[in-house]
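Chain residues, written in single-letter form:
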Amino acid sequence: MSAPLVSMRGLGRTFVNRKGLFGARRSMRAVDDVTLDIPAGKVTGVVGESGCGKSTLARLALRLIEASSGSVTFDGTDIGSLEPAAMRQIRRRMQMVFQDPYSSLDPRYSIADCLLEPFAIQGLMPPARQRAAQVDDLLDMVGLARSVASSFPHQLSGGQKQRVGIARALALKPQFLVLDEPTASLDVSIQAQIIALLERFRDDFGLAYLFISHDLGLVRYFCDQVVVMYLGRIVEVMDRPDARPRHPYSRALLNSTFAPDPAKRRVVTPMAGEIPSPFALPPGCAFAARCPQASALCKAERPTLAESTAGGRIACHHPQD
Amino acid sequence: MALLDLSDVTVSIGALMPLDRIAFSIEAGEIVGVVGESGSGKSLTAMAVMGLLPLIGGRITSGAVRFADVELNRLPERDYRALRGRRIALISQNPMTSLDPIRRVGQQIDQVSMIHLGLGAQQARLRSVDMMRQLRIPEADVVHGNYPHHLSGGMKQRIVIAMALAADPELIVADEPTTALDVTIQAQIIQIMVEMVRRKNVALMLITHDMGVVAQACDRVVVLYAGRVAETGSVERIFAAPRHPYTKSLIGCIPVEGLAPGGLKGIDGVVPGVANYPTGCRFHPRCSLAQDRCKIEAPLLRTFDEGAAACHLAGDPP
């Protein structure tokens, strides 16, 4: 296997806040000890519920926020130690598409301005007479009409805005794209369009994606490698998307997706218990309180992420087969 | 006789006509999914049933909405108020905005049975806590005293469902009740909601854009496109043999187990805005099967042995 494009080693981020105005300081590990390789030209999917740290991981991957511990290496360079100028250089090669296309586009910028902004930031602005052609190329690429260039974000639908977000991320021809729930606020019909577009770019440009989602069904369709997170930690990595999940939490996630077939109705076994507070994690497995397989061992000792017999890695005392 | 019957309901807002001859019915205790993309007219249909169109300057210009023995489109607002919350309840998409942020959630449920069923405060509280337990809210008597900001999105949506059920309604209109939630929470809420309406024999009009949710929860399906009914039918029929190409496309938007890469298609283009509805079949610009006839002549909603479809290519009814 060739060297991964992006390597995370023991990556962590702790947030500190106060409970109330005068309360004691308390901290939570939004991302804890994440070790993950993202291969070039492939899609790595990260799934988990709200609050599992997947968006924080997305931001750490691009160093949009600083890590509290561990490192991120991009194409052999440890990006955590780069000076701002060098960081800016390398950012050309790594870009982000945000979840909410409604708030990630400046309402006062025309779409053409939005698409030219990356060039301006990087000091790569094409000469004035070539700008329109550059914008047209980007709009063509994501399947938007060229007339959109003079529109403003509020004149576009959610799906159109997300296409603009993707075009903007692709403007500088990056190798690595982080997509933070790019379709969560869109209709399923538009979601499918966007995914088809992303599949094409992966194949045409050899892009690597870190694709964040809460929909395991979608991730299993779209991704080459599936990472399941729970309360800041990786609980399972499946190196084949069709691999049957072995962690009880991954199973529960899979059981939550509905097939478009009334003959395949599921009985959703509700997960017992509540998600523990991220400020006061239990000593053992964080999922133990909700897990049907939990034993005394699970409550006492946190399972480590180890090689799984089914390929990939798993952190569970009682993996399912 | 159906519990709810919409016959050729046309809705106008000013010079625009966002709903055109919507026709379907819901039997007592039945779960009917109303599906379509954003802009199909799902929420407007809900508003037409709830009598909320005046809020956005809209009105029913022809057709009739009948609920049991009441003709809703002729009902004065005064009488509508007695009906809403009591016999027809609404669950809206966003639980964050449908709860009063400065009142305890329990009181908000209590209020429904106090107003509509005339219960005293004590009885109302007992009833609310019992309802919350049935909705599997842990420590219901504690949660009863919490404020909305104490609760997670899924828990808030359960509170909203408890409010909807509090006065024993005959019909609940749920407008994308799980769209704002995580998939795990969505799965639980759908499960709980279906269990409850079945147990209490309440009819449910479930509005969603997700064919996965429809397949999981519904008995029958109404597919809307650009303000018209594209197809209706039993859930089995709709998924096994959709008559309308739009229905088929919507089903194809859900990634299924084992779908090969590139298999997820989506539907090209977007739903046209109400001011730009195309001539003929409104789906024809996005339809891969469209013929010349589809561009000129609007297909009528034709009744088949089971269900109905508005497509020139749906074959002839028997």
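Everything that follows concerns the structure shown earlier in this document.
Computed from a predicted model, the values in this text were never measured in an experiment.

Colleague: Let's hear about the overall build of chain B: which residues, and what values?
Modeller: Along the backbone of chain B there are twelve helices and twelve strands. Its C-alpha radius of gyration of 20 Å places chain B within 12% of the 20 Å reference for a compact globule of 318 residues. Expressed along its principal axes, the backbone C-alpha trace of chain B runs to roughly 65 × 50 × 35 Å. Partitioning the contacts of chain B with sequence separation of at least 6, the portion at a separation of at least 24 is 63%. Surface exposure of chain B reaches about 13100 Å², of which carbon and sulfur atoms provide 52%. Of note, chain B has its 32 positive side-chain charges centred 3 Å away from the centre of its 32 negative side-chain charges.

Colleague: Can you lay out the packing of aromatic side chains for me, pointing to particular residues and giving the numbers?
Modeller: Applying the stated criterion to the full structure yields ten aromatic pairs over all chains. Aromatic side chains Tyr-225 of chain B and Phe-283 of chain B sit 5.0 Å apart centroid to centroid with 80° between the ring planes, which places their arrangement in the edge-to-face category. Residue Tyr-225 of chain B is found in strand 9 (residues 220–225), and its partner Phe-283 of chain B is found in the loop between helix 11 (245–251) and helix 12 (292–296); the two are separated by 58 residues along the sequence. Here Tyr-225 of chain B and Phe-283 of chain B have matching classes, each one buried. Across from the ring centre of Phe-279 of chain A, 3.6 Å away, lies the NZ or CZ of Arg-26 of chain A, which sits over that ring. Residue placement shows Arg-243 of chain B over the ring face of Phe-304 of chain B; its charged tip is 4.2 Å from the ring centre.

Colleague: So what's going on with unusual backbone geometry? Residues and values would help.
Modeller: In this structure, Asp-33 of chain A is a non-glycine residue whose phi angle is positive, near 55°. With respect to the element layout, Asp-33 of chain A can be found in strand 2 (residues 25–38). Here the phi dihedral of Ala-226 of chain B falls at roughly 45°; this positive angle occurs in a residue that is not glycine. Along the chain, the position of Ala-226 of chain B falls in the loop between strand 9 and strand 10 (228–234). On the basis of relative accessible area, Ala-226 of chain B is assigned to the buried category, the value being 0%.

Colleague: Account for the sheet that holds strand 6 (residues 94–97) of chain A, with residues named and values stated.
Modeller: Residue and element names in this part refer to chain A. Spatially, eight strands are ordered 6-7-8-3-9-10-12-11 in an open sheet, and the strand pairing comes out mixed. Edge positions in the sheet fall to strand 6 and strand 11 (306–307), since each has one partner strand and no second. Across five bridges, strand 9 (residues 225–230) lies against strand 10 (residues 233–238) in antiparallel orientation. Note on strand 10: the bridge partner recorded for Val-227 is Val-237.

Colleague: I'd love a proper account of the packing of helix 7 (residues 153–165) of chain B against helix 8 (residues 183–199) of chain B, names of residues and values included.
Modeller: Residues and elements named next belong to chain B. Viewed as axis vectors pointing N to C, helix 7 and helix 8 meet at an angle of 15°, and their least axial separation amounts to 10 Å. Accordingly, the angle class assigned to the pair helix 7 and helix 8 is roughly parallel. Here the hand of the crossing between helix 7 and helix 8 comes out right-handed. The segment helix 7 lies against helix 8, with Gly-154, Gln-157, Arg-158, Ile-161 and Leu-165 engaging Ile-185, Gln-188, Ile-189, Ile-192, Met-193 and Met-196. Its residues assigned to classes, the contact of helix 7 with helix 8 comprises seven nonpolar, three polar and one charged.

Colleague: Pulling in residues and values, what's your account of the sheet that holds strand 2 (residues 16–26) of chain B?
Modeller: All names here are of chain B. Strand order in the open sheet formed by four strands is 2-1-4-5, and the pairing between neighbours is antiparallel. With one partner strand each, in any of the chains shown, strand 2 and strand 5 (70–71) form the two edges of the open sheet. Strand direction decides the pairing type here: strand 4 (residues 58–67) and strand 5, joined by two bridges, are antiparallel. Opposite Arg-66, over in strand 5, you have Glu-71 as the bridge partner.

Colleague: Help me get a handle on the pattern of salt bridges, residues and values and all.
Modeller: Counted according to the given criterion, the structure contains 32 salt bridges over all chains. Of the charged contacts, one joins Asp-203 of chain A and Arg-202 of chain A as a salt bridge, the two residues approaching to 3.1 Å between their closest N and O atoms. We classify Arg-202 of chain A as buried; its relative accessible area is 11%. Asp-292 of chain B is paired through a salt bridge with Lys-295 of chain B; the nearest N and O atoms lie 3.9 Å apart. Of this pair, Asp-292 of chain B and Lys-295 of chain B are both found in helix 12, three residues apart, which corresponds to roughly one turn of the helix. Residue class for Asp-292 of chain B comes out exposed when judged on its relative accessible area of 58%. Several salt bridges share partner residues, and in doing so they unite Asp-5, Arg-66, Glu-71 and Arg-74 of chain B into one network.

Criteria and cut-off values
- Residues numbered from 1 in each chain as written.
- Chains lettered and ligands numbered in written order.
- Predicted model: local features only at pLDDT ≥ 70, side-chain atom pairs only at ≥ 80, totals over all residues.
- Heavy atoms only, no water.
- Helix = DSSP H or I, 4+ residues; strand = E, 2+ residues; numbered from the N terminus.
- Rg over C-alpha atoms; globule rule 2.2 N^0.38 Å.
- Contact = heavy atoms within 4.5 Å.
- Areas by Shrake-Rupley, 256 points an atom, 1.4 Å probe, with all protein chains shown as cover.
- Lys, Arg positive; Asp, Glu negative; His and termini not counted.
- Charge placed at Lys NZ, Arg CZ, Asp CG, Glu CD.
- Phe/Tyr/Trp six-rings, centres within 6.5 Å; stacked < 30°, edge-to-face > 60°.
- Buried < 20%, exposed > 50% of the residue type's maximum accessible area, 1.4 Å probe, protein only.
- Lys NZ or Arg CZ within 6 Å of the ring centre and 35° of its normal.
- Pairing = 2+ DSSP bridges.
- Axes fitted to C-alpha atoms, helices over the stretch in contact; angles between N-to-C directions.
- Parallel < 35°, antiparallel > 145°, perpendicular 65-115°, else oblique.
- Left-handed = near helix turned anticlockwise from the far one by under 90°.
- Nonpolar A, V, L, I, M, F, W, Y, C, P; charged D, E, K, R; others polar.
- Salt bridge = Lys/Arg side-chain N within 4 Å of Asp/Glu carboxyl O.

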